[in-house]
Amino acid sequence: MDGNGRWAQQRGLPRLMGHHEGANSIRECVEACQQAGVQYLTLYAFSLENWKRPRTEVKGLMGLLERFLRERTDEIAQKGICLRAIGRLQDLPEPCHKLLSEALRKTAENRGLTLILALSYGSRTEIVDAIKNIAEQAIDGKIQPDQINDQTVADHLYTKGVPDPDLLIRTSGEMRLSNFLLWQLSYTEIYVTQKLWPDFRAADLQRALQDYNTRHRRYGGI
Ligand code: IPE
Ligand code: MG
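Chemist: Explain the packing of helix α2 (residues 15–36) against helix α7 (residues 202–213) to me, using residue names and the numbers behind them.
Modeler: As a packed pair, α2 and α7 sit with axes 8 Å apart at the nearest point and diverge in direction by 45°. Comparing the axis directions of α2 and α7 gives the class oblique. Where α2 crosses over α7, the handedness of that crossing is right-handed. Between α2 and α7, the residues in contact are E28, C29, A32, C33 and A36 and A202, L205, Q206 and L209, respectively.

This is the structure we're talking about:
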């Protein structure tokens, strides 16, 4: 969800106002996904690298997350959405961590859209953690190294049980993956839009889905 800072800057507003406005894009896109029958939506809300930002911005973002969870959990639960989170969740400030755990618990049985929040998320760290875990099991004799395959790795990632994404939407025209789901995106279709995240709304999401529907996925075949 890139471009919040630039959106604010263009209007002479503080960066946090861009993040604030971006929350409205989240609401619209979640609804548009539900209407379109999308089963999984993952939002890259905060990366491990984002901790390097100025303290005030980090604090502001965590404040927004706290507010989002406080104000929106019941609505999310009522809409049948199952909330999940990926990343180093223990890094989050205590109030966020607590609200998030409650939200995950409250929505765990829901069978509508699965909304996955990537928080304090870094893909390389996720892969490194998976490797450590698999290595420990190999040392303990629970797993044979020659039996390790794609599925073994996938089963040790935070996204265990979640299908690989079909479509990656990249806002603000950036042409990079920024340490997001590197393993899972191997065959994902990429859609890049110049729109800044706060300007990316339901109609934009529908356009991205329409574009996706014109793609011919070959997975290395012909
Ligand atoms: C949102 O956009 C990303 C996060 C929520 C951390 P940015 O804050 O990266 O916006 P730009 O790239 O400065 O425009
Ligand atoms: Mg950015």
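Chemist: Explain the packing of aromatic side chains to me, using residue names and the numbers behind them.
Modeler: Evaluated as defined, the whole model comprises seven aromatic pairs. With a centroid separation of 4.4 Å and an interplanar angle of 20°, the aromatic rings of Y44 and F180 are classed as stacked. Placement of Y44 in strand β1 (residues 40–47) and of F180 in the loop between β4 (167–170) and β5 (189–192) is noted, with a sequence separation of 136 residues between them. Three or more aromatic residues joined by ring pairs make a cluster, and in this case those are Y44, Y121, Y158 and F180.

Chemist: Just give me the short version of the state of the cysteines, but keep the residues and values in it.
Modeler: Here the structure, examined in full by the defined rule, presents zero disulfides. Cysteine C82 shares no disulfide, and the gap to the nearest cysteine sulfur, in C33, comes to 15 Å. Classification of C82 as buried rests on a relative accessible area of 10%. You can see C96 has no disulfide; the closest cysteine sulfur is in C82, sitting 20 Å from it. The buried category is assigned to C96, whose relative accessible area is 1%.

Analysis parameters
Residues numbered from 1 in each chain as written. Chains lettered and ligands numbered in written order. Predicted model: local features only at pLDDT ≥ 70, side-chain atom pairs only at ≥ 80, totals over all residues. Heavy atoms only, no water. Axes fitted to C-alpha atoms, helices over the stretch in contact; angles between N-to-C directions. Helix = DSSP H or I, 4+ residues; strand = E, 2+ residues; numbered from the N terminus. Parallel < 35°, antiparallel > 145°, perpendicular 65-115°, else oblique. Left-handed = near helix turned anticlockwise from the far one by under 90°. Contact = heavy atoms within 4.5 Å. Phe/Tyr/Trp six-rings, centres within 6.5 Å; stacked < 30°, edge-to-face > 60°. Disulfide = S-S within 2.5 Å. Buried < 20%, exposed > 50% of the residue type's maximum accessible area, 1.4 Å probe, protein only.

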